[in-house]
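Working through the structure, step by step
Letter by letter, the chains look like this.
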Amino acid sequence: MKLYQFMKQSIFVMAVLTLTTSCTKPQDNKPGSDPGDPTGTGSSGGYKVTVTTIAGKLQDQGSAEDGNGSHARFWNPTKMVYDNRNHLLYVADGTVVRSIDEQNNVATYMPLGVISRWSEILDMDLAPGAGGSLYLVTAENDLIKIEPGGNGVKKTVLAERTYGGNATGSLNSSDHFDGANGIATGKSGEIYFFNTFWATMHQIVLNPASSTTGTVKQFVGKALASRSGESWPFADGQGETATFGSGVYDIASDAQGTIYVADAKNYELRMVTPAGMVSSLMLRKVPNYGEEVDGPVSTKARANGVLQVSCSQDGSLIFFNTYGKGGWQNSPALRVVKDKKEVFTLVGTSNAYGDGTEKTAAFGTIGGLASTPDGKTVYVSEPAMKVIRKVVLQ
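We now turn to the structure provided with this report. (Residues numbered from 1 in each chain as written. Predicted model: local features only at pLDDT ≥ 70, side-chain atom pairs only at ≥ 80, totals over all residues. Heavy atoms only, no water.)

1. Regarding the packing of aromatic side chains
Within the structure shown, the criterion is met by 5 aromatic pairs. When the ring of Phe-194 is compared with that of Phe-244, the centres are 5.3 Å apart and the planes differ by 80°; the resulting orientation is edge-to-face. Taken together, the residues span a long stretch of sequence, with Phe-194 in strand 13 (residues 191-195) and Phe-244 in the loop between strand 16 (237-238) and strand 17 (248-253) at a distance of 50 residues. Residues Phe-194 and Phe-244 agree in their burial class; the two are buried. Above the ring of Phe-197, the side-chain terminus of Arg-227 is found at 4.1 Å from the ring centroid. (Phe/Tyr/Trp six-rings, centres within 6.5 Å; stacked < 30°, edge-to-face > 60°. Helix = DSSP H or I, 4+ residues; strand = E, 2+ residues; numbered from the N terminus. Buried < 20%, exposed > 50% of the residue type's maximum accessible area, 1.4 Å probe, protein only. Lys NZ or Arg CZ within 6 Å of the ring centre and 35° of its normal.)

2. Re the sheet that holds strand 6 (residues 105-110)
The antiparallel open sheet is built from 5 strands, whose spatial order is 2-6-5-4-3. One side of each edge strand has no neighbouring strand; the edge strands of this open sheet are strand 2 (67-68) and strand 3 (77-83). One ladder, built from 5 bridges, connects strand 4 (residues 88-93) with strand 5 (residues 96-100); its direction is antiparallel. Each bridged residue has a counterpart across the sheet, and for Asp-93 the counterpart in strand 5 is Val-96. (Pairing = 2+ DSSP bridges.)

3. Considerations on the pairing of strand 5
Burial within strand 5 is extensive, with 5 of its 5 residues counted as buried. The two faces of strand 5 match: Val-96, Arg-98 and Ile-100 on one face and Val-97 and Ser-99 on the other face are all buried. The loop that links strand 4 with its antiparallel partner strand 5 comprises 2 residues; one of these, Gly-94, has a positive phi angle of about 75°. Of the pairings in the sheet, the one linking strand 5 to strand 6 comprises 4 bridges and is antiparallel in character. Across the sheet, residue Ile-100 finds its bridge partner in strand 6, namely Val-106.

4. Observations regarding the nonpolar core
Inside soluble globular proteins, nonpolar side chains tend to come together where they are buried. Among the nonpolar cores identified, the biggest contains 18 residues, and Leu-346, Val-347, Phe-363 and Val-391 are the most heavily contacted of them. Broken down by element, the residue count for this core peaks at 3 residues, all from strand 25 (residues 342-347). Formed by 17 residues, the second largest nonpolar core is a distinct cluster that contains Ala-262, Leu-281, Ala-301 and Val-337. (Core = buried A, V, L, I, M, F, W, Y, C linked by side-chain atoms within 4.5 Å.)

5. Remarks on the side chain of Lys-386
You can see Lys-386 is positioned in the loop between strand 28 (377-382) and strand 29 (387-393). One buried charged side chain, Lys-386, makes no salt bridge at all; its nearest oppositely charged neighbour is Asp-93, positioned 7.1 Å away. Polar contacts involving the side chain of Lys-386 include one to the main-chain carbonyl oxygen of Trp-75, which spans 2.6 Å. Setting aside chain neighbours within four positions, we find Lys-386 in contact with Ala-55, Gly-56, Lys-57, Gln-59, Asp-60, Gln-61, Phe-74, Trp-75 and Pro-77. (Lys, Arg positive; Asp, Glu negative; His and termini not counted. Salt bridge = Lys/Arg side-chain N within 4 Å of Asp/Glu carboxyl O. Polar contact = N/O pair within 3.5 Å; in protein donor to acceptor, adjacent residues only side chain to side chain. Contact = heavy atoms within 4.5 Å.)

6. A few points about unusual backbone geometry
Look at the link from Val-286 to Pro-287: it is a cis peptide, with omega at -10°. One can find Pro-287 in the loop between strand 20 (277-280) and strand 21 (295-296). Of note in the backbone geometry, Ala-64 takes a positive phi value of approximately 55° without being a glycine. Here Ala-64 shows up in the loop between strand 1 (49-55) and strand 2. Although it is not a glycine, Lys-340 adopts a positive phi angle of roughly 60°. Relative to the elements of secondary structure, Lys-340 occurs in the loop between strand 24 (333-338) and strand 25.

7. A closer look at the pattern of salt bridges
Applying the stated rule across the entire model yields 17 salt bridges. Between Asp-66 and Arg-98 there is a salt bridge whose closest N-O contact spans 3.0 Å. Of this pair, Asp-66 sits in the loop between strand 1 and strand 2 while Arg-98 sits in strand 5, and the two are 32 residues apart along the sequence. For Asp-66, a relative accessible area of 36% corresponds to the partly exposed category. Here Lys-79 ties to Asp-123 by a salt bridge, and the two come within 3.8 Å at their closest N and O atoms. Here Asp-123 lies in strand 7 (residues 121-126) and Lys-79 lies in strand 3, a separation of 44 residues in the sequence. By the burial criterion, Lys-79 is buried, and Asp-123 matches it. Shared partners join several salt bridges into a network, and the residues in it are Asp-66, Asp-93 and Arg-98.

8. Thoughts on the environment of Asn-195
Counting through the fold element by element, Asn-195 comes out in strand 13. Residue classification places Asn-195 among the buried positions, given a relative accessible area of 0%. Separated by 13 residues in sequence, Asn-195 and Gly-182 have C-alpha atoms that sit 7.8 Å apart. Aside from chain neighbours lying at most four places away, what touches Asn-195 is Gly-165, Asn-166, His-176, Phe-177, Asp-178, Gly-179, Ala-180, Thr-200 and His-202. From its side chain, Asn-195 meets the backbone nitrogen of Asp-178 in a polar contact 2.8 Å long.

Here it is, written out as structure tokens:
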């Protein structure tokens, strides 16, 4: 089964479970009463959190039309990136890219047919250049650069392969991509991508004289013995001494070039320095069905899966989402690592889907996260609900 087909089916299953199962709310929401809140600041880390729906109509994909706010329609909104160069949020919507401005106007930035009519976008990140310059990686293992051009966009294919692989060497010389659900741009313009089927992260260094040629290098992660084979024992460390689960669905990078990895099957959020040192930002417990614990990263914090990740530009706020305290039958949680020291739950105590505060808001299935550079706003895409949510921290 193709990875993107599996992801779509998983999204549908989790959405149904979220909608059809009712659960009991925590009995005591007073600050400091939660065992995961040792500081007494409340489960949201002292933040006042407001969640609103800014685009799309709940569970109505329509014809994926453009428009303002609830007049717009989405087909399968997943990965996102916020571009501070033009203050636009870009949303991967199947095989197209949509944009949302500060007034919640939704437009089709890259229309159907520019890259494909069937190869969905697995992830995207910002590329050097003007606002709207993006790197995209697709389900058919293509790496594409999109730039604004004229009345449309300019497409440049950096790697084009359909079979998948884990090869290094000259860019586009062999099959480099295989289920690349994560892509991130480094501080010097290098490109990082994670091959889910091999549990490895590679680095692309483009040639200064040519934006379409370069070298693919192994960066971190010991490659599995066979494609989608049995995972190695869990290990942090330098380069290929570190190991990852075979279920990594997202990566993100900050302005210093540090990369954050949503290592879902290891129930762990990982951190990778520009020098290739891998460490973990929570305690690891496998399997971990339904246990979400806030607190210090080194001694207490745990997660029930880590699925998507985003961060502020300085890396002081690392946002991630999980299945939530009760597993798939409960609402997913939006959580944050603050200053790489402590984990807090921002949204995830309510199971009544809707907008509101940190105590009353709840999400359906989350397909992507994007943060503004200052970390004060986080965007959440919901593929099953067909909407984009906005989370503001004060």
